[in-house]
Amino acid sequence: MSESPETRSLVSASSQLNLTDIDAIDDKEFDIPQVDTPPTLESILNEPEDEDEPFVLEDTSLLNIESLDTHSCETSSLASSDSGDRTHMKRRKRLAESNSTVHGSVLRHSILKGISAQIVSAADKVDAGLPTAVTVSNVIAVGTSHGLALVFDPNQALRLCLGSTAVGAQYGAVSALSINNDCTRLLCGFAKGQITMWDLANGKLLRTITDAHPPGTAILHIKFTDDPTLAICNDSGGSVFELAFRRVMGMRTCESRCLFSGSKGEVCCIEPLHAKKELRDHPIAQYCLLAMASLTKILVIGLKPSLKVWMTFPYGKMDPASVPLLAWHFVAVQKEINPMLVFCRGDAVHFLLVKKEESGAIHVSKSRQLHLHYDLISLTWINSRTLVLLDSAEKLHVIDRPSQEELDNVDIAEVELIYNSSHFKSLATGGNVSQALALVGEKACYQSVCSYGGQIVYLGTKSVHVMTLRNWRERVDHLLKQERFLEALSLAWSFHEGTARAVVGLFGDPNKRKGVVADKMTEILFQYADRSLKKCPEQGKIQVMEQHFQDMVPVMVDYCLLLQRTDLLFNQIYSKLGENSVAKGVFLECLEPYILSDRLTGLAPHVMKDLLVHFQDNGMMDSIEACIVHLDITSLDIQQVVQMCWEHHLHDAMIYVYNSGMNDYINPMEKLLQVISPLLRAGKSLSDEKVTMGNKLLVYISCCLAGRAYPLGDIPEDLVPLVKNQVFEFLVRLHSVEAAPDEEVYPSIRTLLHFDTREFLNVLALTFEDFKNDKQALEYQQRIVDILLQVMVDNSDFTPSQVGCLFTFLARQLSKPDNTLFVNRKLFDQVLEFLCSPDDDSRHTERQQVLLELLHAGGVVQFEEKRLISLAEKAEFYQICEFMYEKKHLYDKIIYCYLKDPLRKGEVFNYIHNILSIPGYSPEEKQSVWDEAMEHLKELVSIDPSKAADLVAIHFADEIHNIIDQLEEDYLLFQFLKCLLDPREGSQNQRLLRLNPDLYELYIELLCRFSPAQVTEFLQTSEHYRMEEAVQITRKHNLHEPLSYLLEKKGDVHGAFLVLLETLKHNLSLLTDGNEAVSNELDPMRSVEISLEETIALCQRCSNCLNQQQREALWFPLLEAMMSPQKLLKTTACQHTSESLKQMTMQVLGSMTGFIALPSIIQRILQDPVYGRGKLSEIQGLILGMLETFSYEQTLLETTTSLLNHDLHWSLSHLRAAVSKGLHPRLDHCSICLQHYRRKLEADDEIIIFSCGHLYHCQCLQSKECGVQGEGPPGWSCYKCTSSSKGGWPGERSVAEVRRGRTTSLAQIKVTSVHNTTFGDARGRKLLSDLALDPQQTQAFDQLRCIYRGPSRLAILTELSHSRGSEKPSLLNPTQPGSGSIFHSENFQLKLSPPPLMEE
């Protein structure tokens, strides 16, 4: 055990240097190649050390302090005591995961009460003022606001009080402190810029420095370097100075040299590299490196042998109020120890590794950065692997450098940290600092934080606080005090495994360290066991108690097994938990997953006994069996276990006990066979339990013959041959041990064959694979085959499938090159006769499949081919025939096999295609297949017309007419042609074929007969028929719709109309006559509606191409056809029909109004006998409907025109405002000659300003040929904007670009300047343009039009106005479809929304 923290001294602690603190960093940070054996620092220094990563050995208690525990509520811990998961496996997984994430309380927060009290006392009694700065070495020095420096020894006793309040009144507050390496000198910097040096041995003032830096600036930092005669200071002007101390002829002097001037960027933080005594000979130490942080970048310079800048690194984007931070530390990387600089400004921490190259240069490499979610105001190394960060909310964050993981966080707001804001603002000298430096100083606390020897000191307003790393015991005990046992165990295990972070206090050999931690974990486990019993609920349901122990007991088991302390688990802990029956039961049950995962292979005898009893009492027999086969047999009572297994049918466990406990491998086989054999002999079906038992027996036999143990593991090598022989002897026994008088011979093999023939033969096949040169095994092999033949052949108990399995097995064995088996060939002939027996129709498919499998296994060599084919054809085994024909290359006969096999008829098409397409077959073979397919083509079409058509299109295109002659049946021919010619079927045959139109016309003929509803659709999709013939065919079959389509396509619009009109009249007659006997799929009214829609659609399509007279010849007969039947419907019963016809008449009128003049329509209606002789009320509805339509269209036209006029007015007014407003130039000089626009010239010079902001002299633009020639007054184009575009020179493109609207400048203003005048001068004049648009205004207008990307609004208004008058071709009345009208454009859109606002 280490000493008490109160007994250690600062001096003794500071003299220690723990090299193992300089751990290896993560190689990925610096892209360092991996090595097989990572070295330790001790090996580098030729000191023996183990290869494990060393723990931190630092002694972190340097002062006589009183600890203040601040982690009772705020410790950052990533694991919880219980997540609510109640299953053992998930709980163990959770524990394993938490091992790498629990850190506990890493920091110990302490207050230096002695020093704190004396600071407060000095302020009260001697007017020392508030503390302002602190530094730590072998002593602690605290500076005050009244210019005093209080020096305390390690026991917190005030040793020296340096300075006086009188001097403080002159110099101001102490703003910076520094102690040299040997703790003999103290440098004090003051708020008014003075520097003093003190002798810490006697308190004597050695130097007062007043001229080291510019006056009127405060000292922000003062730092000793490793050279005791050299120091660095940084003032509030942002400059850095080197102070060289000399002693010449007894006089102490100080020479100052400026290292960095604040005029180049103010430095607000400096940090010299300090090497401990053991590292003073480091190659980099001779350079005396200094890191400086300015407001914009980081600099690393070397002071020796000459001043040199080794690195600069800019910050990038950051918050200007964030504080720049620097910190050095030596780290070990691979085989070298080098300093690492960490710097930060804001929320990103950067790591730089500094090393000396062979050339002598300093090389700085940057690693990955650490991104935080908070801004930092302090950054300090506590050891080589751990940093402590202080954020702007005054929270400490402990960060592990290699993993960048946060280990702990502590709120230190109660410290009331001292900030150095007044010094950064230089208030003592009048505040003459830059605003940027003053902003950074708001959160600056450089002089309030100091680290030394693994401790970090924080200076508060009334107290001094110390942060140190807790040693490993303290971290564990801290969790135990809070009864967080799970986290304590997890943390302790991470110490045990060496995966913990920031470890302190573990020394020596790794095994010794593990032993120390294991003892601590044992102690925790005892406490945890006691707590589990004490915290058990005494009352309540049994489930609550079980849940309590299920949460706690597995933890103890898990850690005991991790520590390999089963003695502890089964003795002390089990005896403790055994006092509670519920805890005991939970303990026994939670052992199961560990046993099954082989983490626990043996139990103490008393625990094993209790386990079996408990599982048996609770009916957990499956769990017993699963556990027994994983346990060491020595912990079992064999007699008890065997009896229990047999009673409860635990066959796996029984086999395991016999095998492992008694080396008996045959007895379990006999016992299992005795159970299933009687049932199989009696022909009874087996239950699921018996089937499972038989399957286990087969697997067990297979394992024994293969040398594997059942159910897992391997048989000992010395027993493998013996076990194989025993199993073979068991199988070939003539009779069983206790044989009945009527038992058949070879009961073992017979029973296994009856149980599962195929699987038993597979077991034998796998076994025979291992027989190579074993003579005895080969004898067993032949003997077993003979027994199989004797048992199965000529035995009616076995099915054809079982017999086939046997001979398939034999064929495979005989086909092996090293075969030694002998089987009589007559037996194969006998099996062939048996399988191909034509008298037995039962199991036809099974027999064929068995014979096919036998042939594939190599049995074909055992048969005569002709006889085999003959028997297969008689038995209709077409797959067998195909197999043999394939072997003899008789591919044409295989087609016959496919056609005769009802199950495989559909596969014949792919077979024929493959033979005719795939290379590898001879021309004679392909021709024979082609001839055979041609012969059976009718049969192929009847099987699948679609596939037959595809086959014909690819391979029989020249024989289509012969094929059509073969297809005598019309419907079969129709199906074939449909698949061959109709594109609606999705076939691509038309691309492959070039057929005569007569075939298509034949198909149209058949389509009219068998599917008249599809004729029109085919005519629309196909173009390979002749028009006249198709018209004759459709007219012949009286199909009006296809006929109308053909006539319209032919150009006979009137003829097509008459056909449809005839159909409409026919449907109207059916409706008015009320003939219900007519067979029609549709309702008569629906038929009329469909016919009318088709007729109207025809008229609308064709009216655009016809003159007025031709249109009337279409529309008026249609109107008359709809109006004439209405005079026949005068009765009340026909009122509904009459109303429907009137509605349809209105539909006709509404459709024709776009093509027929309204007066003509009204005149025709009034002349009609139906309406002409009646009252006006009868036609009132028709007329009012037309008038309403006219009124609606007129209103729509007027509204649209008004909107377009308003839109045009809005656009032009904004355009006028844009081209007439004043322009503001970007620069005050010409963009070409770069001279001021008021250059002195003899004559006046015009100045031209563009809307893009560029300004030019008129003469300069003329020299660049930027004038625009066109109609109207001359114009200009911006030289810079046009020259920046791709392509030729500006003069070539100015006119075109202005017209296309691509130039940046939308308008321009000419301003004439007089000699020595300004823009604001009254003599300046503005030239007004003419009333006509100049080229720039035209350009602006074109750009405005481009916004809408549509036709001109003037064009729209013009066409709308023309459309209301005559019948001349226009937008609404084009001469033909597809004319140039904008209304017929696919992209035409009428945009009525207001245009987007233009920038003023």
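All values reported here derive from a predicted model rather than from experimental measurement.

Rules used in this analysis
- Residues numbered from 1 in each chain as written.
- Predicted model: local features only at pLDDT ≥ 70, side-chain atom pairs only at ≥ 80, totals over all residues.
- Heavy atoms only, no water.
- Helix = DSSP H or I, 4+ residues; strand = E, 2+ residues; numbered from the N terminus.
- Buried < 20%, exposed > 50% of the residue type's maximum accessible area, 1.4 Å probe, protein only.
- Contact = heavy atoms within 4.5 Å.
- Areas by Shrake-Rupley, 256 points an atom, 1.4 Å probe, with all protein chains shown as cover.
- Core = buried A, V, L, I, M, F, W, Y, C linked by side-chain atoms within 4.5 Å.
- Disulfide = S-S within 2.5 Å.
- Pairing = 2+ DSSP bridges.
- Axes fitted to C-alpha atoms, helices over the stretch in contact; angles between N-to-C directions.
- Phe/Tyr/Trp six-rings, centres within 6.5 Å; stacked < 30°, edge-to-face > 60°.
- Lys NZ or Arg CZ within 6 Å of the ring centre and 35° of its normal.
- pLDDT = per-residue confidence, 0-100.
- Salt bridge = Lys/Arg side-chain N within 4 Å of Asp/Glu carboxyl O.
- Expected span 1.5 Å × (residues − 1).
- Bend = angle between axes of the 7 residues up to and from the residue.
- Parallel < 35°, antiparallel > 145°, perpendicular 65-115°, else oblique.
- Left-handed = near helix turned anticlockwise from the far one by under 90°.
- Nonpolar A, V, L, I, M, F, W, Y, C, P; charged D, E, K, R; others polar.

A.B. asks: What is the right way to look at the overall build of the protein chain in this model?
C.D. replies: When helices and strands are counted, the protein chain shows 52 helices and 36 strands. When burial is assessed residue by residue, the protein chain has 50% of its 1400 residues classed as buried. Long-range contacts, defined as pairs at least 24 residues apart, comprise 61% of the intrachain contacts of the protein chain with a sequence gap of at least 6. A total accessible area of about 66,900 Å² is found for the protein chain, and carbon and sulfur atoms account for 50% of it.

A.B. asks: Even after reading the chapter, I still don't get the nonpolar core, so can you show me in this structure?
C.D. replies: Nonpolar side chains tend to gather and get buried jointly when the protein is soluble and globular. Judged by nonpolar contacts, the single largest core of 133 residues is most densely connected at F587, L591, I628 and L788. Here the element with the most residues in this core is helix α11 (residues 542-562); it accounts for ten residues. Look past the residues within four positions of F587 in its chain and what remains in contact with it is V553, V557, L569, F570, Y574 and L577. M884, I964, I1096 and M1144 belong to the second largest nonpolar core, which has 107 residues in total.

A.B. asks: Quick question: what am I supposed to make of the state of the cysteines here?
C.D. replies: In a disulfide, the sulfur atoms of two cysteines are held together by a covalent bond. Taken as a whole, this structure holds zero disulfides when the rule is applied. Free cysteine C1105: the closest other cysteine sulfur is in C1102, separated by 6.7 Å.

A.B. asks: So what exactly am I meant to see when it comes to the environment of A166 here?
C.D. replies: Along the chain, the position of A166 falls in helix α5 (residues 165-171). Considering only alpha carbons, one finds A166 and G147, 19 residues apart in sequence, at a separation of 8.3 Å.

A.B. asks: Even after reading the chapter, I still don't get the sheet that holds strand β11 (residues 219-224), so can you show me in this structure?
C.D. replies: Strands pair in a sheet through their backbones, by hydrogen bonds, and they do so in one of two ways: parallel or antiparallel. Taken in spatial order, the four strands make up an open sheet running β11-β12-β13-β14, and their pairing is antiparallel. Edge positions in the sheet fall to β11 and β14 (251-260), since each has one partner strand and no second. Sheet twist, expressed as the mean angle between neighbouring strand axes with direction ignored, is 25°. Taken together, the nine bridges between strand β13 (residues 240-248) and β14 define a ladder with antiparallel strand orientation. The residue bridging V248 from the neighbouring strand is M251, located in β14.

A.B. asks: Help me understand the packing of aromatic side chains in this model?
C.D. replies: This model, assessed by the stated rule, comprises 20 aromatic pairs. Note on F974 and Y1003: the rings are 6.0 Å apart at their centroids and 10° apart in plane angle, and the pair reads as stacked. With F974 in helix α35 (residues 970-981) and Y1003 in helix α37 (residues 997-1010), this pair connects stretches of sequence that are 29 residues apart. Side by side, F974 and Y1003 carry an identical accessibility label, which is buried. Aromatic rings pair up to connect Y971, F974, Y1003, F1010 and F1018 into one cluster. Lying over the aromatic face of W646, K671 brings its terminal NZ or CZ to 5.2 Å of the ring centre.

A.B. asks: So what exactly am I meant to see when it comes to unusual backbone geometry here?
C.D. replies: The linkage connecting K304 with the following residue, P305, adopts the cis geometry, with an omega of -10°. Secondary-structure assignment places P305 in the loop between β17 (297-302) and β18 (308-314). One non-glycine residue, D127, lies in the positive phi region at around 55°. Within the secondary structure, D127 is located in the loop between α4 (113-125) and β3 (131-136). The phi dihedral of Q564 is positive, around 60°, even though this residue is not glycine. Considering the arrangement of structural elements, one finds Q564 in the loop between α11 and α12 (566-577).

A.B. asks: Even after reading the chapter, I still don't get the confidence of the model for the protein chain, so can you show me in this structure?
C.D. replies: Parts of the model with low pLDDT should not have their predicted coordinates read in detail. Residues of the protein chain with pLDDT of at least 70 account for 77%, and the chain-wide mean is 77. The model gives residues 1-100 a pLDDT under 50, and that stretch makes 232 contacts with residues more than four places away or in other chains. Below a pLDDT of 50 lies the segment residues 1286-1331, which in the model reaches 108 contacts outside its immediate sequence neighbourhood of four places, other chains included.

A.B. asks: Would you take a moment to explain the pattern of salt bridges for this structure?
C.D. replies: Side chains that differ in sign of charge can pair as their charged atoms come close. Within this structure, the stated rule accounts for 25 salt bridges. Here E271 ties to K223 by a salt bridge, and the two come within 3.8 Å at their closest N and O atoms. Taken together, the residues span a long stretch of sequence, with E271 in strand β15 (residues 267-272) and K223 in strand β11 at a distance of 48 residues. Overall, E271 belongs to the buried group, its relative accessible area being 18%. Notably, a salt bridge pairs K520 with E523, separated by 3.8 Å at the nearest N-O pair. With K520 and E523 both in helix α10 (residues 510-534) and three residues apart, the pair spans about one turn of that helix. Judged by its relative accessible area of 39%, E523 falls in the partly exposed class. What emerges from the salt-bridge pattern is a single network uniting D400, E405 and R501.

A.B. asks: Even after reading the chapter, I still don't get α11, so can you show me in this structure?
C.D. replies: Along an α-helix, residues three or four apart share an orientation, since each turn contains 3.6 residues. For α11, which comprises 21 residues, the first-to-last C-alpha distance of 30 Å matches the rise-based estimate of 30 Å (1.5 Å per residue) to within 8%. The largest bend along α11 reaches roughly 30° and is located at Q550, with the proline P554 sitting one to four residues downstream. Here α11 lies mainly inside the structure; 15 of its 21 residues are buried. Trailing α11 by a residue or two, Q564 shows a phi angle of about 60°, which is positive.

A.B. asks: Is there a simple way to think about helix α18 (residues 667-681) in this case?
C.D. replies: Compared with the 21 Å implied by 1.5 Å per residue over 15 residues, the 21 Å span of α18 between its first and last C-alpha is a close match. Maximum bend of α18: about 30°, positioned at Q674, with proline P678 one to four residues after it. Taken residue by residue, α18 has P668, M669, E670, L672, L673, I676, S677 and L680 as its buried positions. For α18, the elements touching its buried residues are α17 (651-662), α19 (688-706), α20 (720-731) and α21 (747-755).

A.B. asks: Looking at this structure, I do not really get the packing of α20 against helix α23 (residues 775-792). What am I missing?
C.D. replies: Helices that pack against each other are described as a pair by the angle of their axes relative to one another and the distance between those axes. Between α20 and α23, the least distance of the axes is 11 Å, while the angle of their chain directions is 20°. Judged on the interaxial angle alone, α23 and α20 are roughly parallel. Handedness of the α20/α23 crossing: left-handed. Where α20 abuts α23, its residues N725, F728 and E729 lie against Q776, Y780 and I784.

A.B. asks: Which parts of the structure should I look at to understand the pairing of strand β9 (residues 195-199)?
C.D. replies: The side chains of a regular strand alternate, first on one face of the sheet and then on the other. Of all five residues in β9, five are buried, a share of seventy percent or more. Side chains I195, M197 and D199 project from β9 onto one buried face, and the interleaved T196 and W198 project onto a second face that is buried too. Looking at chain direction, strand β8 (residues 185-190) and β9 are connected through five bridges and run antiparallel. Bridging across to β9, G189 finds its partner in I195. Between the end of β8 and the start of β9, which pair antiparallel, lie four residues, with G193 showing a positive phi angle near 105°.

A.B. asks: Help me understand the sheet that holds β8 in this model?
C.D. replies: Read from one edge of the open sheet, four strands run β7-β8-β9-β10, paired in antiparallel fashion. At either end of the open sheet lies a strand with only one pairing partner, and these are β7 (174-179) and β10 (204-209). Taken pair by pair, the neighbouring strands of this sheet meet at an average axis angle of 20°, ignoring direction. Relative to β8, β7 runs antiparallel, the two sharing five bridges. Note that in β8 the partner of V174 across the bridge is F190.

A.B. asks: Looking at this structure, how should I read the side chain of N1067?
C.D. replies: Mapped onto the elements, N1067 comes out in helix α41 (residues 1053-1073). On the basis of relative accessible area, N1067 is assigned to the buried category, the value being 9%. Setting aside residues no more than four positions away along its own chain, N1067 makes contact with S1087, V1088 and S1091.

A.B. asks: What exactly am I supposed to notice about the packing of α18 against α21 here?
C.D. replies: Interhelical geometry of α18 versus α21 gives an angle of 70° and a closest axis separation of 10 Å. Our classification of the angle between α18 and α21 gives roughly perpendicular. Along this stretch, α18 crosses α21, giving a crossing that reads as left-handed. Counting all contacts with α18, which are made through L673, I676, S677 and L680, the residues of α21 involved are S748, T751, L752, H754 and F755. Taken together, the residues that form the contact of α18 with α21 break down as five nonpolar, four polar and no charged.

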